[in-house]
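Breakdown of the fold
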Amino acid sequence: MADDGRVAAEGGTAWHALEAADVFARLSTTAGGLGAEEAEERLARHGPNRLPSPPRPGAIRRLVAQVRNPLVLVLVGAAAVSAAIGHPTDALVTLGVVVVNALIGFLQEGRAERALDAIRAMIAPSATVLRGGERLRVPAEAVVPGDIVLIEAGDRVPADLRLVEARGLRIDEAALTGESVPVDKGSEATASDVPLGDRTSMAFSGTIVAAGRGTGVAVATGAASEIGRISALVDSVGRMATPLVRQMDEFARRITAAVLAGSALVLAVAVLVRGEAPGDAFMIVVGIAVAAIPEGLPAVMTIALAVGVERMAARRAIVRRLPAVETLGSVSVVCSDKTGTLTRNEMTVTAVVLAGRRLAVEGLGYAPAGGFRMGGEAVDPGTDPDLCDLARAALLCNDADIRHVETGWHAAGDPMEAALVAFAAKAGQDPALVRGAYRRLDEVPFDARHRTMTTLNATPEGGRLVVVKGAPEVLIAACGAQAGPGGPVPLDGAGWQAAVQALAEDGQRVIAFASAEAPAGTRTLEEASPQGRLVLLGLVGLMDPPRAEVPAAVAECRAAGIAVKMITGDHAATALAIARHLKLADEPVVVVDGQALDRLDAAGLRRVAREATVFARTSPEHKLRLIEALQADGSVVAMTGDGVNDAPALRRADIAVAMGAKGTEAAKEASDIVLADDSFASIVAAVREGRTVYDNIVKVIAWTLPTDGGEALAIVAAVFLGLPLPVTPLQILWINMVTAVALGLVLAFEPTEPGAMRRGPRPAGTPLLDRRALARILFVSVLMVAGIFGVYGVAVWRGHDVATARTLVVDAVVAMEIAYLFSVRYVHGPSLTWRGAAGTPAVLLGIGLVAAAQGAFTYWPPLQQLFGTRPLGLWDGMAAIGVGVALFLVVEAEKRLTGGIARPR
């Protein structure tokens, strides 16, 4: 239906659309509040004003979830096979990998689960209510529907309130709606179909009162409040499996089915065709299965993700779920909130308009540092009386201040008024001295009805000064003159209206200032009667400026083929100005608002989601629908946000990124990654790291499958051809145990390849291994088989016994795996370079460990006895190394002809 707010129990009309008298009647309350007994009865009926804790899986369930991964089950199967053929040591080693894999994931998620409860923290601990006509301070949990609640500046609203009185009331709803500045509130009913951010007669639970005071009737508490509705929406959204998890699940199923089918075929051939004894044939098949199953792959994949987690931690990004690292590398669309994510969430005066001229104001945030420029030339505010008068007015008609703490300058009070204080300080006005010299005598707080604030101040000379701040169209109409070099001059109304329009088109919020002198001795504004004597001083343009690092980050995203879309609750003009400044898309930038989204069907929404760049005045439902529409269109979507209103969309996105410093706990709870520095630029670093992780996983698979496949195919070929086995199942276990740990693991530490951020994202739904990759794996496997039989045949031809020939084969296989490791290190380019030959510390360490282990395998008597090996001469060892070098050269030649290992992006 059109209204998505809380509705009255009877009649179905939204609370914000009801008159105050109707609200009192429907909730059976009065202006004096509920009686004590009635409040207790309602508390028992409606329950405490708190949100239910989100269900969390226990430690055992989380631990079991780690070993339910299909690839981990393959590991368990490999351990069972090893035990079945009488190798308990290898079985224990394999099970040890399972335990390590489970513990890494378990501990990582355990740290995440220690986060504070997301949305319950949004409920204020206490509230001021009227009960039986008396003003009481009660726990927020005790607030019930029908309570009369009093709120003032600094309070967190304890429940959804229908306001019945508001005096200068402004509420910061950024965490709920994305609105970057506090919203003016009043008691007048609004239309039933207005968006959440425009329900000015409502104060919502969890939002903060920035200025003024008000009285409201509690109409919804706990789970029935607007925050409670969003919390339920979060719980109802299922979390998407990441692309890597989906691909690895499919990969595990396919490779397991292939190994089982191949093993059954070999068993049949060995028994029925070759006449092998069933027991011997079964042991051969077990050897094939052990050789073919990539038992080290799940652990290496997990370690690759864990390495990515550590690298992200160095960039102040907290990863809550391991697969999230890789998923960021595969996203094709980043949907970002505006306030606090793309922008600083700090209002700043960026422009000043005086009579006939416009000045740019430098400096960001609330720091009183920055200058003024006009046409590129610096302007000295000390020599500009008109600028000084405007800055002084901005201080006097103002209730906020700015304060410096360890973390920098912060607003004390309304953010927009604090920005005006910072502007005045930049113009050389000392807030404490000016306010002390121009003592305030009377005031009329800002009110949404007349859209102005007025103060009466005593001047140092004993006179009286009236200062008015407000909406420019109101003040321009109220002024008969404007400030000039020698005093007031006739007002140029058209010129000022054009200046207002220009500022608004730049996405700035415009405030006008005017002043008038009053007779000495005047004590009240009613006595001052400034109407008809107001002089327009100038205009001030404010905006929540983009973060300095964001434009470069957006440009890098676009170069990587990633679209950046802004989804915000703010006004369309403001959002469009920020989008143009950041160059989110080429002109024209397409903007769509929430009401337009409501009119679209599923197909139209998918089209608009694909084509538009800015979505303004959106609700949590709009954000969720947009994420789902983009996913239905084949995109892998990352959602960034910091507010409660972002939580449902964060939960639904393929990858959820929350802001850590200024983000709400609701957003963090729904996220996969939390950016501790709130920097959008960190997302680009995360994308780069994600692509590195994925490349490294592809390298691990591209290295593991041909090496395991070559060993398995060698045994299959020997069975089919009736030849002696060139390598025993026990020796295969040795190769897999040593190389999987010492060689496969080093690929997890590979650095980012050049050009990683100049490639487009992987298309959604593409398999982990496509035809080209499978063909290359088969090609290398055949080379491995040729090398195995070639070495074995030459060894026998030279007169070596079978044990010596098999020893030479094992050494040659390890040499080929080391050589192929160097080739596979570069997915998108040649490895036959000085950089490729030099390796990395991890690669060199891995090769050193393998060489030492292989020396013990060949020459240490205990291992000779265990594995049936024999010592080799110098030339035999050189021959084994030569086979590895030959494989490297052939693979590099093939890579240059076909264009590399990875499929085209």
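Please refer to the structure placed before this passage.
Quick caveat, the model's predicted, so the values are computed rather than measured. (Residues numbered from 1 in each chain as written. Predicted model: local features only at pLDDT ≥ 70, side-chain atom pairs only at ≥ 80, totals over all residues. Heavy atoms only, no water.)

Re unusual backbone geometry
Cut-off, in case you're wondering: Here a strand is any run of E in DSSP of at least two residues, a helix any run of H or I of at least four, and the numbering for each starts at the N terminus. A 1.4 Å probe rolled over the protein chains alone gives each residue an accessible area, and that area as a share of the maximum for its type sets the label: buried under 20%, exposed over 50%, partly exposed in between.
Glu587 connects to Pro588 through a cis peptide bond whose omega is -5°. For Pro588, the position within the fold is in the loop between α20 (572-582) and β24 (591-593). Residues other than glycine seldom take positive phi values, yet Ser28 does so here, at roughly 55°. The residue Ser28 is located in the loop between α1 (20-26) and α2 (36-46) in this model. Residue classification places Ser28 among the exposed residues on the basis of a relative accessible area of 55%. The phi dihedral of Arg617 falls on the positive side, at around 50°, and the residue is not glycine. With respect to the element layout, Arg617 can be found in the loop between β25 (614-616) and α23 (620-632). Residue Arg617 is classed as buried on the basis of its relative accessible area, which comes to 14%.

Remarks on the pairing of strand β22 (residues 535-543)
Rules: Strand pairing is assigned whenever DSSP identifies at least 2 bridges connecting the two strands.
Counting buried positions along β22 yields nine of nine residues, so the element is predominantly enclosed. Relative to β22, strand β10 (residues 348-354) runs antiparallel, the two being bridged by five bridges. The partner of Val353 across the bridge, within β22, is Leu539. Judged from the two bridges that link them, strand β19 (residues 481-482) and β22 form a sheet pairing that is parallel. Opposite Gln482, over in β22, you have Leu536 as the bridge partner. One ladder, built from seven bridges, connects strand β21 (residues 509-518) with β22; its direction is antiparallel. When the sheet's bridge partners are listed, Ala514 is paired in β22 with Leu536.

Thoughts on the pairing of strand β2 (residues 134-139)
Pairing of strand β1 (residues 126-131) with β2, which is carried by six bridges, proceeds in the antiparallel orientation. Bridge pairing links Thr128 to Arg137 in β2.

Overview of the packing of helix α19 (residues 550-559) against helix α26 (residues 681-721)
Threshold: Throughout, an axis means a line fitted to C-alpha atoms (over the contacting stretch in the case of helices), and angles, computed between N-to-C directions, take values from 0 to 180 degrees. Any angle from 65 to 115 degrees is called roughly perpendicular, while one under 35 is roughly parallel, one over 145 is roughly antiparallel, and all others are oblique. Left-handed describes a crossing whose near helix is turned anticlockwise from the far helix through less than a right angle; right-handed describes the clockwise counterpart. Two residues form a contact once any of their heavy atoms are found within 4.5 Å.
Packing of α19 against α26 brings their axes to within 8 Å, and their N-to-C directions diverge by 30°. Considering their axes alone, α19 and α26 lie roughly parallel with respect to each other. Along this stretch, α19 crosses α26, giving a crossing that reads as left-handed. Along its contact with α19, which presents Ala553, Glu556 and Cys557, the element α26 presents Ala681, Val684 and Arg688.

Topic: the environment of Trp496
Take Trp496: it is sitting in helix α17 (residues 493-505). Expressed as a C-alpha distance, the spacing of Trp496 and Val353, which sit 143 residues apart in the sequence, is 8.7 Å. Those residues in contact with Trp496 that sit more than four places away from it in its chain are Val353, Leu354, Ala355, Ile476, Gln482, Leu491, Leu536, Gly538 and Leu539.

As for the pattern of salt bridges
We apply this condition: Basic side-chain nitrogens of Lys or Arg form a salt bridge, by our definition, when they fall within 4 Å of a carboxyl oxygen of Asp or Glu.
Taken as a whole, this structure holds 27 salt bridges when the rule is applied. Among the ionic pairs, Arg50 bridges to Glu141, the shortest N-O distance being 3.0 Å. Remark: Glu141 occurs in the loop between β2 and β3 (148-152) and Arg50 occurs in the loop between α2 and α3 (59-67); sequence separation between them is 91 residues. Given the relative accessible area of 36%, Arg50 is considered partly exposed. With a shortest N-O distance of 3.4 Å, Arg392 and Asp389 are connected by a salt bridge. Taken as a pair, Arg392 and Asp389 lie in helix α13 (residues 385-396) at a separation of three residues, close to a single helical turn. The class of Arg392 is partly exposed, set by a relative accessible area of 21%. Connected through shared salt-bridge partners, Arg170, Asp184 and Asp414 make up one network.

Looking at the nonpolar core
Short version of the rule: Here, the term nonpolar core denotes a set of buried Ala, Val, Leu, Ile, Met, Phe, Trp, Tyr and Cys residues that are joined through side-chain atoms within 4.5 Å.
Core analysis: the largest hydrophobic core is formed by 52 residues, its most contacted members being Trp734 and Tyr820. Of all the secondary structure elements, the ones that give two or more residues to this core are α8 (243-273), α26, α27 (729-742), α28 (771-797), α29 (802-824), α31 (841-859), α32 (861-867) and α33 (874-898). Top element by residues in this core is α29. It accounts for 14 residues. For Trp734, the residues in contact, after removing those within four places along its chain, are Val810, Ala853, Gln854, Phe857, Leu863 and Phe867. One finds Ala317, Met566, Phe680 and Val684 within the second-largest nonpolar core, a separate group that totals 50 residues.

Observations regarding α26
Selection rule: Here the expected length of a helix is defined as 1.5 Å per residue gap, with one fewer gap than residues.
An ideal rise of 1.5 Å per residue puts 60 Å on 41 residues; α26 measures up with 60 Å between its terminal C-alpha atoms. Burial analysis of α26 places 34 of its 41 residues in the buried class, which makes it a mostly covered element. Gly722 sits one or two residues past α26 and shows a positive phi near 70°.

On their own, these measurements won't tell you what the molecule is for.
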